[in-house]
Amino acid sequence: MANWKSDRKENTLREVFASIPVPEGKGFWQTIRAFLGPGFMVAVGYMDPGNWATDLAGGASFGYTLLFVILVSSIFAMILQHLALKLGIATGRDLAQACGDAFSKPVAIFLWIICEVAIAACDLAEVVGSALALHLLFDIPILVGIFITILDVFLILYFQNRGFRKLEAIVMAMLAIISLSFGYELIVSQPEWGAVAKGLLPSSSILLDSKQLYVSIGILGATVMPHNLYLHSSIVQTRAFGDRKANAIKFATYDSSFSLGFSFFINSGILILAAAAFHVTGNQQVADIREAHQLLNPVLGDRFASAFFAIALLASGQNATVTGTLAGQIVMEGFLDLRIKPWIRRLLTRLIAVIPAFFVTWLWGESKINDLLVLSQVVLSMQLSFAVIPLVMFTSDKEKMGEFVNSKFLQFISWAISAFILSLNLYLLAQIFGFL
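Notes on the structure in this doc start here. Values in this document were obtained by computation on a predicted structure and should not be read as measured data.

**Quick word on the environment of S268**
Point 1. Of note, S268 is situated in helix α14 (residues 245-279).
Point 2. Since its relative accessible area comes to 7%, S268 is described here as buried.
Point 3. Between the alpha carbons of S268 and L66 there is a distance of 9.3 Å; along the sequence they are 202 residues apart.
Point 4. Not counting chain neighbours up to four residues away, the residues in contact with S268 comprise L67 and I70.
Point 5. For S268, the side chain forms a polar contact with the main-chain oxygen of F264, separated by 2.8 Å.

Written as structure tokens, this is what we have:
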């Protein structure tokens, strides 16, 4: 493609690039089967432990009101992930490579640093969530659990080396555990479905109440995760689609949209559970994962509710670790064209997350863990514009995308989403610093 400052670099994740065959001239089901996987890998990031903290806080404090925020965030996610996969397929570049090839070196390095901050914030949520789950299930001290999560590095790399399809299968199995757990939780919590439907409609209180706005931006940051845009634009290239780019974009979009619809169900389930179990029972102050776990059994009158909650949390943390590993590798290779051994890269990322989690727990106690989770999601939201705006720019550029350039309507929607995300973040910053 024309209009790039430099030629395309070697593909990121080159060991799995075009490693999965795509049948030619076959029916819908055989073709979609070949493309299923990357969407689920991306969806993992939309239901990580950071989502749990923001969704629990939203449900317990404000009932079903913030379901609308989850719905809007999920729609944003579907559109943005479509742009990410289209960029990867149409140009042969992932988003990190595209930034490196389109912008000056100082701008590319700045964007890389911002992306690394986002990945560290995401990994922080995974560390804290997994440590919490180990504590809830096995009574392991959270400080010990934080260090146990370092071992994830080697477990994930082992499965990654056995083939990308196996890694995708593990992720899907974990997602099945999460969905079954929350299906059970929703049955026993008996939510008021009329109020649930009403919560899917917009409410002015979301913008007028600073506390609701803070949690809403956390939900947005937890749902539309910046590192997922880099991840998706790369892993979609694991399919050997050859010159059949239009077909690849179509089926990859099916995979992505279905998977993100699934994550909407999980995120909504967390908030609905919190609203039904805590908000309507007078326990609005419950916004802590550990406190929620302790109260589920007595509030719902079901002895398995807390156990399923903790199992789903552990599966969520482990799944998110997989995608964090891949995203870290992709952005370092794409922005800097720097390749280091995956286990070193993963260990560095995990240590960046472990250190603040350890010191917050050590100095201020385990009660501050949930605040750290919510803060990590707000930090993610703050980074989001730095990934979204370049993505919309590239996919709206006909010289870069050719026949796959965004339509005028999609350009309008994409820029509107970008402006909305940027405006929300500026509004929150103004509130934090006392300008509003």
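**What about helix α16 (residues 305-336)?**
Point 1. Under the 1.5 Å per step criterion, the end-to-end length of α16 is 46 Å for 32 residues, consistent within 8% with the ideal 46 Å.
Point 2. Burial within α16 is extensive, with 27 of its 32 residues counted as buried.
Point 3. D337, located one to two residues past α16, shows a positive phi value of around 55°.

**Here's the deal with the pattern of salt bridges**
Charged atoms that come close allow side chains of opposite charge to pair.
Point 1. Summed over all chains, the structure comprises four salt bridges.
Point 2. For R239, the salt bridge identified is with E168, shortest N-O distance 2.9 Å. Of this pair, R239 sits in strand β2 (residues 239-240) while E168 sits in helix α9 (residues 164-189), and the two are 71 residues apart along the sequence. An identical accessibility class is assigned to R239 and E168; each is buried.
Point 3. Residues D397 and K400 are paired through a salt bridge, measuring 3.3 Å at the closest nitrogen-oxygen approach.
Point 4. Three or more residues joined by partner-sharing salt bridges are found here, namely R165, E168 and R239.

**Structural notes on the packing of helix α4 (residues 67-91) against helix α13 (residues 226-235)**
Point 1. For the pair α4 and α13, interaxial distance at closest approach is 7 Å and the crossing angle is 40°. The angle between α4 and α13 places the two elements in the oblique class. The way α4 lies across α13 gives a crossing that is right-handed. Counting all contacts with α4, which are made through L80, Q81, A84, L85 and G88, the residues of α13 involved are N228, L229, H232 and S233.
Point 2. Looking at side-chain class alone, the contact of α4 with α13 contains four nonpolar, five polar and no charged residues.

**Some remarks on the environment of V144**
Point 1. Along the chain, V144 turns up in helix α7 (residues 142-148).
Point 2. V144 sits in the partly exposed class, given a relative accessible area of 44%.

**With respect to the state of the cysteines**
Point 1. Going through the model one piece at a time under the given rule, you end up with zero disulfides.
Point 2. With no disulfide partner, C99 has as its closest neighbouring cysteine sulfur the one in C115, 8.8 Å distant.
Point 3. Classification of C115 by relative accessible area gives buried; the value is 5%.

**Here we look at the nonpolar core**
Point 1. Formed by 107 residues in total, the largest nonpolar core has its most connected members in L95, F335 and F394.
Point 2. Top contributing element to this core by residue count: α16, with 14 residues.
Point 3. Counting 17 residues, the second largest nonpolar core, distinct from the first, contains A195, V215, I272 and A276.

**Regarding unusual backbone geometry**
Point 1. Positive phi values are uncommon outside glycine, yet D139 reaches one of about 60°.
Point 2. With respect to the element layout, D139 can be found in the loop between α6 (105-138) and α7.
Point 3. Residue Q190 is not a glycine yet carries a positive backbone phi of 50°.
Point 4. Counting through the fold element by element, Q190 comes out in the loop between α9 and α10 (193-199).

Cut-offs used in this document
- Residues numbered from 1 in each chain as written.
- Predicted model: local features only at pLDDT ≥ 70, side-chain atom pairs only at ≥ 80, totals over all residues.
- Heavy atoms only, no water.
- Helix = DSSP H or I, 4+ residues; strand = E, 2+ residues; numbered from the N terminus.
- Buried < 20%, exposed > 50% of the residue type's maximum accessible area, 1.4 Å probe, protein only.
- Contact = heavy atoms within 4.5 Å.
- Polar contact = N/O pair within 3.5 Å; in protein donor to acceptor, adjacent residues only side chain to side chain.
- Expected span 1.5 Å × (residues − 1).
- Salt bridge = Lys/Arg side-chain N within 4 Å of Asp/Glu carboxyl O.
- Axes fitted to C-alpha atoms, helices over the stretch in contact; angles between N-to-C directions.
- Parallel < 35°, antiparallel > 145°, perpendicular 65-115°, else oblique.
- Left-handed = near helix turned anticlockwise from the far one by under 90°.
- Nonpolar A, V, L, I, M, F, W, Y, C, P; charged D, E, K, R; others polar.
- Disulfide = S-S within 2.5 Å.
- Core = buried A, V, L, I, M, F, W, Y, C linked by side-chain atoms within 4.5 Å.

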